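# Examining the three-dimensional arrangement
Spelled out, the chains give:
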Amino acid sequence: HNLGNLLLVDSIIAKRLIRIRLERSIQLVLTSRLSNSIILIDGALRPSVFEDYNCTINRVIEMSTLSNNDIIGLSKNTNMTILIQFENLLKILPYSACQDTSSVIKSLARNMLGNNLLVKLGKNENEYVLRADICSANGNDLECLGRLIGNDILSRSYPESLRIAHHISTFTNTEVSSLKGFISKSYGTEVVDQAATRRNILGVSFV
């Protein structure tokens, strides 16, 4: 009830809840239908208060283990300044490398899942260093990272499949209009033109 009231007054939180629940649903379906695969997740492997009770990241990991899937959560940056010195060390290496930072991360952040590493997947110097949370089915994180490097194209250490996923997961203007029309027709709501509202209230238009 309290969460519902909060969603009514904060659109940012409402969008985040929708995104997280949709992502978890897709991840759970993938883990149940795939086997012996690597499932890449954008962001840290960490439970969220916005998850549905029956569709959590813990459930996704549990299902992945049963299906012999590896899960890797990749974060492009981190707010933990203590990890920057580790990043600098990995950047100068002329080959792929990783550093186990589980003890550091788990001491600063609660509820982190899997083994927490800093990884440079590319083989050149000064490539991006990513944070990787890994839940491998057989417990071998290095083998899991090796399979990822061997089966994906890397662009400055970032997997191409995850980069493409970012692009194809966005809604086009046509899709947004279709969703608005469906909601309006199904639930009797009225679509408010935000630009027109601003113009009517202020009496002017802005470019």
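Summary of the structure given here.

Turning next to unusual backbone geometry. With phi around 65°, Asn-111 is a residue other than glycine that occupies positive phi space. Counting through the fold element by element, Asn-111 comes out in the loop between α5 (102-108) and β4 (115-120). Despite not being glycine, Asn-126 has its phi angle at roughly 60°, a positive value. In this fold, Asn-126 is placed in the loop between β4 and β5 (130-135).

A few words on the packing of aromatic side chains. The description of an aromatic ring pair rests on the distance of the ring centres and on the angle between the ring planes. Scanning the model with the defined rule gives zero aromatic pairs in all. Above the ring of Tyr-128, the side-chain terminus of Arg-156 is found at 4.4 Å from the ring centroid.

On to the environment of Ile-164. Relative to the helices and strands, Ile-164 resides in helix α7 (residues 160-168). Classification of Ile-164 by relative accessible area gives partly exposed; the value is 39%. Along the sequence, Ile-164 and Leu-34 sit 130 residues apart, while their C-alpha atoms lie 20 Å from each other.

Next up on the list: the pairing of strand β2 (residues 70-75). Within β2, six of the six residues are buried, which leaves the element mostly enclosed by the surrounding structure. On β2, burial covers both faces: Asp-70, Ile-72 and Leu-74 on one face and Ile-71, Gly-73 and Ser-75 on the other are all buried. Where strand β1 (residues 38-42) lies against β2, five bridges are found, and the strand directions are parallel. Following the sheet pairing, Asp-42 is matched in β2 by Leu-74. For the segment spanning β1, helix α3 (residues 57-66) and β2, crossover handedness is right-handed. Where β2 and β5 come together, five bridges link them in antiparallel fashion. Each bridged residue has a counterpart across the sheet, and for Leu-74 the counterpart in β5 is Ala-132.

Attention shifts here to the nonpolar core. Core analysis: the biggest nonpolar cluster contains 13 residues, and Ile-72, Leu-74, Val-119, Ala-132, Ile-134 and Leu-145 have the highest contact counts within it. At the level of secondary structure, the elements contributing two or more residues to this core comprise β2, β4, β5 and α6 (141-151). For Ile-134, the contacting residues outside a window of four places in its chain are Leu-45, Ile-71, Ile-72, Gly-114, Asn-115, Leu-117, Asp-141, Cys-144 and Leu-145. Judged by nonpolar contacts, the second largest core, of 12 residues, contains Val-60, Ile-61, Met-63 and Leu-113.

Ordered in space as β1-β2-β5-β4-β3, the five strands form an open sheet in which the pairing is mixed. Because the sheet does not close on itself, it has two edges, and the strands there are β1 and β3 (97-100). Pairwise comparison of adjacent strand axes, ignoring direction, gives a mean angle of 30° for this sheet. Packed onto the sheet, α3 meets β1, β2 and β5 and runs at close to 140° relative to β2.

Moving on, we come to the pattern of salt bridges. Side chains bearing opposite charge may pair, as long as their charged atoms lie close to each other. Taken as a whole, this structure holds eight salt bridges when the rule is applied. A salt bridge links Arg-59 to Glu-62, with the nearest nitrogen and oxygen atoms 3.4 Å apart. Taken together, the residues Arg-59 and Glu-62, both in helix α3 and three residues apart, mark about one turn of the helix. For Arg-59, a relative accessible area of 31% gives the class partly exposed. Relative accessible area serves as the criterion here: at 44%, Glu-62 is assigned to the partly exposed category. Residue Arg-163 is joined to Glu-160 by a salt bridge in which the shortest nitrogen-to-oxygen separation is 2.5 Å. In this pair, Arg-163 and Glu-160 both sit in helix α7, three residues apart, roughly one turn of the helix. By relative accessible area, Arg-163 is classed as partly exposed at 34%.

Rules behind the numbers
Residues take numbers from 1 onward in each chain, read along the sequence in its written order. It should be noted that, the model being predicted, local features are given only for residues of pLDDT at least 70 and side-chain atom pairs only at 80 or more, the latter also being counted only at that level, while totals for whole chains, interfaces and linings use all residues. Calculated side-chain values reflect all of the structure's heavy atoms, with hydrogen atoms and water omitted. Secondary structure is summarised from DSSP: a helix means a run of H or I of at least four residues, a strand means a run of E of at least two, and numbering begins at the N terminus for each. Only rings of Phe, Tyr and Trp enter the pairing, Trp through its six-membered ring, and a pair is recorded when the two centres are within 6.5 Å. The plane angle decides the type: under 30 degrees is stacked, over 60 is edge-to-face, the rest tilted. The criterion is that NZ of a Lys, or CZ of an Arg, lies within 6 Å of the ring centre and within 35 degrees of the ring normal, and then a charge sits over that ring. To sort residues, take the accessible area from a 1.4 Å probe on protein chains only and compare it with the maximum for the residue type: under 20% means buried, over 50% means exposed, and anything in between is partly exposed. Each pair of strands is called paired provided DSSP finds at least two bridges between the two strands. With the strands pointing away from the viewer, any crossover whose connection runs clockwise from the first strand over the helix to the second is right-handed. Buried Ala, Val, Leu, Ile, Met, Phe, Trp, Tyr and Cys residues form a nonpolar core when they are joined through side-chain atoms within 4.5 Å. For this analysis, residues touch if any pair of their heavy atoms sits within 4.5 Å. Note on geometry: axes are lines fitted to C-alpha atoms, helical ones only across the stretch in contact, with angles between N-to-C directions running from 0 to 180 degrees. Any carboxyl oxygen of Asp or Glu within 4 Å of a side-chain nitrogen of Lys or Arg constitutes a salt bridge here.

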